[in-house]
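An overview of the molecular structure
Below are the chains, spelled out letter by letter.
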Amino acid sequence: MVKETSLLYKNRSIKSPEDGFHLFKQFLGELDREYFVVMCLDVKNQPTHINVCHVGTLDSILVHPREVMKTAILSNSCSIIVAHNHSSGNPSPSPEDIEVTKRLVEAGELIGIDVLDHLIIGEDDFVSLKEKGYI
């Protein structure tokens, strides 16, 4: 493997949920269905890879921890932040969002990749499941 620098993410260390929101918002702006995205981070919390893991329907998405962690493992990640959009514009977490987050955290603990946060992106705002106490 060859380590390459990234012009798009250079000097962008993720220090807060707001930092993650601003970066994810570029990918999840005005979409008509739900997208589940994984941001892979190095030991300095700098993004090394961003991947759209799953594409759902207007109001739901099926997320499997295997596919999320596959991206993290192949990117040699120390940790990840996941995010998805709510096409309704309301970023309130559903019970399914909370359950997926718990499953991802458990899978991450098992293989040694920390799930730092799960952001739900709305129209102009977001919800951090870490700040809400689910992680």
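Notes on the structure in this doc start here. Worth saying up front: this structure is predicted, and the values here are computed from it rather than measured. (Residues numbered from 1 in each chain as written. Predicted model: local features only at pLDDT ≥ 70, side-chain atom pairs only at ≥ 80, totals over all residues. Heavy atoms only, no water.)

Bringing a nonpolar patch on the surface into the picture now. Together, I73, L110 and I111 line one region of the surface with nonpolar side chains, adding up to about 330 Å² of accessible area. Structurally, the position occupied by I73 is in helix 2 (residues 65–74). (Patch = residues over 30% accessible without salt bridge, like charges linked within 9 Å, V, L, I, M, F, W, Y side chains within 5 Å. Areas by Shrake-Rupley, 256 points an atom, 1.4 Å probe, with all protein chains shown as cover. Salt bridge = Lys/Arg side-chain N within 4 Å of Asp/Glu carboxyl O. Helix = DSSP H or I, 4+ residues; strand = E, 2+ residues; numbered from the N terminus.)

What follows concerns the sheet that holds strand 4 (residues 114–121). Read across the sheet, five strands follow the order 2-1-3-4-5 without closing on themselves; strand pairing throughout is mixed. Looking at which strands have only one partner, the edges of the open sheet turn out to be strand 2 (47–55) and strand 5 (126–128). Direction aside, neighbouring strands of the sheet carry axes that sit 20 degrees apart on average. Bridge count between strand 1 (residues 35–41) and strand 2: seven bridges; the pairing is antiparallel. Across the sheet, residue L41 finds its bridge partner in strand 2, namely P47. Relative to the sheet, helix 1 (residues 17–25) contacts strand 1, strand 2, strand 3 (79–85), strand 4 and strand 5, its axis offset from that of strand 4 by approximately 60 degrees. The strands that helix 3 (residues 95–111) touches are strand 1, strand 3 and strand 4; relative to strand 4, the one it contacts most, it runs at about 160 degrees. (Pairing = 2+ DSSP bridges. Axes fitted to C-alpha atoms, helices over the stretch in contact; angles between N-to-C directions. Contact = heavy atoms within 4.5 Å.)

Even without being a glycine, N45 presents a positive backbone phi close to 60 degrees. Positive phi, close to 55 degrees, is recorded for N76, a residue that is not glycine. The exposed category is assigned to N76, whose relative accessible area is 65%. (Buried < 20%, exposed > 50% of the residue type's maximum accessible area, 1.4 Å probe, protein only.)

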